[in-house]
Amino acid sequence: MTPDRSTIGGVLSRAALVFFYAFPLLWLVMTSFKSQSDILANPSGFFFTPVLDAYRTVAGDAWPAMINSAQVALGTMLVVVALAVPAAYGLVRSKHRIWARLTTLLLILIIVLQMVPQAMAVIPLYGVLTQLQVVNTIPGLILADAALFLPFAIVLLRPFIQSIPIELEEASIVDGASFWRTFVSVVLPLARNGIVTVSVMVFLLTWGEFIYGVTLLSVPDGYPVSSILAQQISLYGTEWNRLMALAVLTTLPILIVFLFSQKRLSEGMLRGAVK
């Protein structure tokens, strides 16, 4: 039986994608196990004696930075979800004609805000955090990241709220449930795919956020992983094996979160795309 050309083309295209995505990751892992002399002698060489010198050197810096990044990512995720869910619900369930028009304008404004370069907000945001006396603190960075990702979360959650039949909420209210009881018992369980999707996306984006992490946290004990990675590049050269070892270590939590949430994340993204 002759293989279908479309099947062969699909296999070849997938193989090409795997190669182009996997090769940089393979080079990253290999470089992390090289010594500095091997890197200087042959940076792209595949044959070398693996050593753990880079991992021993960066382990002391990586662990505190990962704890700081975990605190920032979890805190930002909780703040964003707590604000985005009721905001998206209010945008979807607005019935008044004037409010519906304002909702459309608000959505346009949210999309426009996502187009503003992040670097433009650093100086005014630094002034606001200074007045709140939270500069160089984990809570201050959480507030900054929450302000950055909240519009994205609202736009992403809106299709999930729209997919919930309003008749279910009306039936719950007719049965005597209050608005908040209906919101907690009906809306939140039905929107769990969207909430999980937004939570995972915000966590991953916050973990790798660079500009705010480097600018708003200048205390060595509070450095996130983005700052530690940036420190490996200096005017006097780049410690490539240390940089790659840090990259491997800081990628592991993201990989674990993705593997545990892959099924729910895929379902959520597909439902949002179809809606």
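Residues numbered from 1 in each chain as written. Predicted model: local features only at pLDDT ≥ 70, side-chain atom pairs only at ≥ 80, totals over all residues. Heavy atoms only, no water.

## Digging into the overall build of the protein chain
Scanning the protein chain for helices and strands turns up 12 helices and 2 strands. Counting from the amino terminus, helix and strand elements in the protein chain follow one another as α-α-α-α-α-α-α-α-α-α-α-β-β-α. Burial analysis of the protein chain (275 residues in total) assigns 36% to the buried set. Taking the intrachain contacts of the protein chain between residues at least 6 apart in sequence as the baseline, contacts between residues at least 24 apart amount to 74%. Accessible surface computed for the protein chain: about 16,600 Å², of which carbon and sulfur atoms make up 71%. (Helix = DSSP H or I, 4+ residues; strand = E, 2+ residues; numbered from the N terminus. Buried < 20%, exposed > 50% of the residue type's maximum accessible area, 1.4 Å probe, protein only. Contact = heavy atoms within 4.5 Å. Areas by Shrake-Rupley, 256 points an atom, 1.4 Å probe, with all protein chains shown as cover.)

## A closer look at the packing of helix α6 (residues 138-162) against helix α9 (residues 192-207)
A packed helix pair is summarised by two numbers, namely the angle formed by the two axes and the spacing between the axes. Two elements in contact, α6 and α9, have axes whose closest approach is 10 Å; the angle formed by their N-to-C orientations is 155°. Of the possible angle classes, the one that applies to α6 and α9 is roughly antiparallel. Classified by chirality, the crossing of α9 by α6 is right-handed. Touching Asp145, Phe149, Phe152, Ala153, Leu156, Leu157 and Phe160 of α6 are Asn193, Gly194, Ile195, Thr197, Val198, Met201, Leu205 and Thr206, all from α9. Across the contact of α6 with α9, the residue classes tally to 10 nonpolar, 4 polar and 1 charged. (Axes fitted to C-alpha atoms, helices over the stretch in contact; angles between N-to-C directions. Parallel < 35°, antiparallel > 145°, perpendicular 65-115°, else oblique. Left-handed = near helix turned anticlockwise from the far one by under 90°. Nonpolar A, V, L, I, M, F, W, Y, C, P; charged D, E, K, R; others polar.)

## As for the nonpolar core
Formed by 39 residues in total, the largest nonpolar core has its most connected members in Leu157, Ile161 and Val198. Looking at this core, the elements that each hand over two or more residues are α3 (53-92), α4 (97-115), α6, α8 (179-190), α9, α11 (225-231) and α12 (240-274). Top contributing element to this core by residue count: α3, with 16 residues. Setting aside its immediate chain neighbours within four residues, leucine 157 contacts Ala84, Val85, Ala88, Gly194, Ile195 and Val198. (Core = buried A, V, L, I, M, F, W, Y, C linked by side-chain atoms within 4.5 Å.)

## Some words on the packing of α3 against α9
Contact pair α3 / α9: the axes reach a minimum separation of 8 Å and the direction vectors enclose 145°. Crossing hand, α3 versus α9: right-handed. In this structure, α3 contributes Met66, Ser69, Ala70, Val72, Ala73, Leu74, Thr76, Met77, Val80, Val81 and Val85 to the contact, and α9 contributes Ile195, Val198, Ser199, Val202, Phe203, Thr206 and Trp207.

## Side note on empty space enclosed by the protein
Counted according to the given criterion, the structure contains 1 cavity of 30 Å³ or more. Contributing elements (two or more residues each) for the lining of the largest cavity: α3, α6 and α9. Looking at the lining of the largest cavity, the element that brings in the most residues is α3, giving 3 residues. A breakdown of the residues in the lining of the largest cavity according to their chemical character gives 5 nonpolar, 3 polar and 2 charged. (1 Å grid on protein atoms, 1.4 Å probe; cavity = no way out; pocket = protein on both sides within 12 Å on 5 of 7 lines; lining within 4 Å. Points joined across faces, edges and corners; volume = space filled by probe spheres on them.)

## Remarks on the packing of aromatic side chains
Enumeration over the complete set of coordinates arrives at 7 aromatic pairs. Here the aromatic rings of phenylalanine 179 and phenylalanine 183 are separated by 6.5 Å at their centres, their planes lie at 20°, and the arrangement is stacked. Highlighted residues: phenylalanine 179 and phenylalanine 183, both in helix α8, separated by 4 residues, approximately one helical turn. Residue phenylalanine 179 is classed as partly exposed on the basis of its relative accessible area, which comes to 43%. Of the aromatic side chains, those joined through ring pairs into one cluster are Tyr89, Phe179, Trp180 and Phe183. (Phe/Tyr/Trp six-rings, centres within 6.5 Å; stacked < 30°, edge-to-face > 60°.)

## Side note on α8
Working note: α-helix, 3.6 residues per turn, so residues spaced by three or four point in the same direction. Taking 1.5 Å as the rise per residue, α8 with 12 residues should run 16 Å; its terminal C-alpha atoms sit 16 Å apart, in good agreement. Restricting attention to buried positions, one finds in α8 the residues Thr182, Phe183, Val186 and Val187. All buried residues of α8 fall inside an arc of 120° around its axis, so they share one side. Those residues of α8 that are exposed and angled more than 90 degrees off the buried face are Trp180 and Arg181. Elements in contact with the buried residues of α8: α3, α6 and α7 (166-174). (Expected span 1.5 Å × (residues − 1). Arc of directions from axis to C-beta.)

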